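Spelled out, the chains give:
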Amino acid sequence: MKTASLIFLAGSLIALPALAQERVWRCGNEYTNNATIAQQKGCKVMEGGNVTVVQGTKSSGGGSASSGGSSAARAPAGSPRVEGVDQRARDGEARSVLESELKKAEARQAELQKEYNNGEPEKQGSEGRNYQKYLDRVAEMKAELARNESDIAGIRREIGRLPNKQQPQ
């Protein structure tokens, strides 16, 4: 019973791709599976290989974002609209959170640099007898400094992406 159903299953899986494929015509940079449109446009049949079509978004036809007078990114269709006051409040809250994180990261960077001591930190415990252990710790400190510096740069980029603070009216 099991072997019969496995054979049937294997046979049906092999037949599925053949049934799912239709003829595809190429009309310049466009593809179609509609025979009448292909004949009207004089398209050529695509032979061999499958065609995968990914739907793109159509531009609004206005050129660059700066030509519309607004450099802000547009929300996707169907997303809820946020009033200007609410959006400014969210941006202000995001800015304050990011500035707080920036202060913490900068304080941590100063602490790490002080401890690193220009690549010559104080030896601890058994590091006096085991120089390789000391070198490993120095390398780890250097890597942590670099990671923290990268974090600071990322936070600054995020703050730069936020709209400028506007004075209340």
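So, a few notes on the structure that sits alongside this text. (Residues numbered from 1 in each chain as written. Predicted model: local features only at pLDDT ≥ 70, side-chain atom pairs only at ≥ 80, totals over all residues. Heavy atoms only, no water.)

### Some points on the state of the cysteines
Cut-off, in case you're wondering: By disulfide we mean two sulfur atoms from cysteines, separated by a distance within 2.5 Å. The secondary structure listing takes helices from DSSP runs of H or I that are at least 4 residues long and strands from runs of E that are at least 2 residues long, numbered from the N terminus.
One pass over the structure, following the stated rule, counts 1 disulfide. The residue that forms a disulfide with C27 is C43, at a sulfur-sulfur distance of 1.7 Å. The chirality of the disulfide connecting C27 with C43 is right-handed, given an S-S dihedral of about 105°. A residue pair is termed long-range when its members are at least 10 positions apart, and C27 in strand β1 (residues 25-27) and C43 in the loop between α2 (35-41) and β3 (44-45) qualify at 16 residues.

### Details of the pattern of salt bridges
Here is the rule we go by: Definition used for salt bridges: Asp or Glu carboxyl oxygen within 4 Å of a side-chain nitrogen of Lys or Arg. Exposure is judged per residue with a 1.4 Å probe applied to protein chains only, and the accessible area is read against the type maximum: over 50% gives exposed, under 20% gives buried, and values in between give partly exposed.
Counted according to the given criterion, the structure contains 8 salt bridges. With a shortest N-O distance of 2.5 Å, E106 and R156 are connected by a salt bridge. Taken as a pair, E106 in helix α3 (residues 84-116) and R156 in helix α4 (residues 131-161) lie far apart in primary sequence, 50 residues in all. Among the residues examined, E106 registers a relative accessible area of 32% and is labelled partly exposed. For the salt bridge of R161 with E158, the shortest nitrogen-to-oxygen distance reads 2.4 Å. With R161 and E158 both in helix α4 and 3 residues apart, this pair spans about one turn of that helix. Exposure remark for R161: the relative accessible area of 59% places this residue in the exposed category.

### Structural notes on the sheet that holds strand β2 (residues 30-32)
What links the strands of a sheet is backbone hydrogen bonding, and the strands pair in either a parallel or an antiparallel sense. Worth spelling out the cut-off: Whether two strands pair comes down to DSSP finding at least two bridges between them.
The 3 strands lie next to each other as β2-β1-β3, forming an open sheet whose pairing is antiparallel. Each edge of the sheet is formed by a strand with only one pairing partner; in this case those strands are β2 and β3.

### Topic: unusual backbone geometry
A negative phi angle characterises most non-glycine residues, just as the trans form characterises most peptide bonds. Residue N117 is not a glycine yet carries a positive backbone phi of 55°. Checked against the element boundaries, N117 lands in the loop between α3 and α4. We classify N117 as partly exposed; its relative accessible area is 39%. The phi torsion at N118 lies on the positive side, around 55°, for a residue other than glycine.

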